[in-house]
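Descriptive analysis of the structure
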Amino acid sequence: MQVTTASYARHRLIAVSRRYAQRWTTSPRAVDVITALGCLALMVLDVPGLADGDNRLTGLTATLVLAAGAASLLVRRRAPWVPYLVGLLLLAWLHELTLVQFALYSLGRFRGRRAGVLSTLGYVAVAFTLFNLPGWPEHHAESLADFLSLVVPIGVLASGVGVAAYRQDLVRELEARRAETAALQAVRDERISVARDVHDLVGRELTVLAVRAEVLSVRARGTPQEKNFEELADTARRAHLMLNDTIVHRADERTATPGLEGLPALAEESGRMGSPVTLRVAADATRLSPLRQTAVYRVVQECLTNAAKHAPGEPVTVSIGLEGSRLRIVARNALPRSAPPTEPVSSGTGTFSMRERVRSLGGTLTARADSGAYEVVALLPAGWLRPEPGRWWEG
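As the structure is a computational prediction, the values presented were derived from the model and not from experiment. (Residues numbered from 1 in each chain as written. Predicted model: local features only at pLDDT ≥ 70, side-chain atom pairs only at ≥ 80, totals over all residues. Heavy atoms only, no water.)

The positions that UniProt labels "transmembrane region" (unreviewed entry) are, in the present scheme, residues 27-45, 57-75, 81-105, 117-135 and 147-166. The distance from the first to the last C-alpha atom of residues 27-45 is 28 Å, and the span holds 89% helix and 0% strand. (UniProt positions renumbered as here; feature names shortened; annotations may be inferred. Helix = DSSP H or I, 4+ residues; strand = E, 2+ residues; numbered from the N terminus.)

Moving on to the packing of aromatic side chains. A full pass over the atoms with the stated rule returns 1 aromatic pair. Geometrically, the ring pair formed by Trp81 and Tyr84 is edge-to-face, given 5.5 Å between the ring centres and 85° between the ring planes. Residue Trp81 and its partner Tyr84 are located together in helix H5 (residues 81-94), separated by 3 residues, close to a single helical turn. Its relative accessible area of 5% is what places Tyr84 among the buried residues. (Phe/Tyr/Trp six-rings, centres within 6.5 Å; stacked < 30°, edge-to-face > 60°. Buried < 20%, exposed > 50% of the residue type's maximum accessible area, 1.4 Å probe, protein only.)

Because the α-helix completes a turn every 3.6 residues, residues three or four places apart line up on one side. Given a rise of 1.5 Å per residue, 19 residues ought to cover 27 Å, and the 27 Å separating the end C-alpha atoms of helix H7 (residues 113-131) matches this to within 8%. Listing the buried residues of H7 in full gives Ala115, Gly116, Ser119, Thr120, Tyr123, Ala127, Leu130 and Phe131. Along the long axis of H7, the arc covered by the buried residues comes to 135°, so they all point the same way. Among the exposed residues of H7, those pointing more than 90 degrees away from its buried face are Arg114, Leu118 and Leu121. (Expected span 1.5 Å × (residues − 1). Arc of directions from axis to C-beta.)

So, on to empty space enclosed by the protein. All told, the structure shown has 1 cavity of 30 Å³ or more when counted by the stated rule. Its boundaries defined by the atoms lining it, the largest cavity holds a volume of some 60 Å³. Lining the largest cavity, in full, are Cys303, Asn306, Ala307, Val316, Ala331, Arg332, Asn333, Met354, Tyr374 and Val376. Among the secondary structure elements, those contributing two or more residues to the lining of the largest cavity are helix H11 (290-310), strand E3 (326-334) and strand E5 (373-381). Taken together, the residues that form the lining of the largest cavity break down as 7 nonpolar, 2 polar and 1 charged. (1 Å grid on protein atoms, 1.4 Å probe; cavity = no way out; pocket = protein on both sides within 12 Å on 5 of 7 lines; lining within 4 Å. Points joined across faces, edges and corners; volume = space filled by probe spheres on them. Nonpolar A, V, L, I, M, F, W, Y, C, P; charged D, E, K, R; others polar.)

Along the chain, the position of Thr98 falls in helix H6 (residues 98-111). Overall, Thr98 belongs to the buried group, its relative accessible area being 12%. Other than its neighbours up to four places away in sequence, Thr98 contacts Cys39, Leu42 and Met43. (Contact = heavy atoms within 4.5 Å.)

Right, let's talk about the pairing of strand E2 (residues 316-323) for a bit. With 5 bridges connecting them, strand E1 (residues 277-282) and E2 associate as parallel partners. Bridged to Val277 within E2 is Val316. For the crossover that starts at E1, traverses H11 and ends in the parallel E2, the hand is left-handed. Direction of pairing for E2 relative to E3: antiparallel, over a ladder of 8 bridges. (Pairing = 2+ DSSP bridges. Right-handed = clockwise from strand over helix to strand, strands pointing away.)

Encoded structure:
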């Protein structure tokens, strides 16, 4: 099918227009415009009565005045007192109650309970004063009871709905901040855990280096290399002290993290919890550096924990192997046929922790449901390897 320039331009224009319309209709400004138009549409229904009233307005001028009043709702987010004062003006001049209802809602919606209560009291006081003036239309309220039954519910309802919406916004914002805080805390905890692992593993190598350098410096006494070995030992000691100052003093709660040797215990523990685990680890993976092995342990640990929470009793398959220069971790479990009878206790930050752990080592992690199963795949650089070939082993 041949696409002409005109048809392409037309489709392009339609796509751009649709995207712009979707973006605009969901913006706060669009909501304010629609609110102002809705208010104007309701007030226009009173134009015939306003034109007949003794206010020197015709149908056209009354419509223009109401349109100007409705336009004040365009600033209801930044300055909600403006449409409120305009609404009170229309109430006193034209006995028009519609705009003040929208204004009371806006005050409660964007300024909270205190502003809503004060504006409602002010509206009732102004309306009561107008009721006692000779110019108030008798057909609106023949007695004080009729007046109260008309004016007070309008103000209280409009303001109350606005305050309720304001509180709902606060609740949603609080929940969003809590979720963000939990995610940031999970990332922070995982970074601290990575730092501790770095200390345990790198610190051990630095200690060995310092000891070896000191032994060599003793053996080299009286030779031209004595000074060089002493400087090497001193440098290793300073590096170890700097590592302690940087990591240990900032994270006092230190726990040793197992490597691949700890995976069978994890699988056995998961089996006792009701989720049997098939563990496949390539023997080549034992050539990984200790830091990579701790990352494998943490990822597998979190995967088994999530499987026990969200798919209790379902078998889990864990595969760990090398693909060229990359380490691949795959954990897969069947999804439960029905939802658990009780909601699992979860902080919702486990995936954040796994992803941060893998990303700190230059890798990526994906977690998704596919074909009736939930699969977590982590890919990260293998790093340096010990020169020891091997085959698959299962546990």
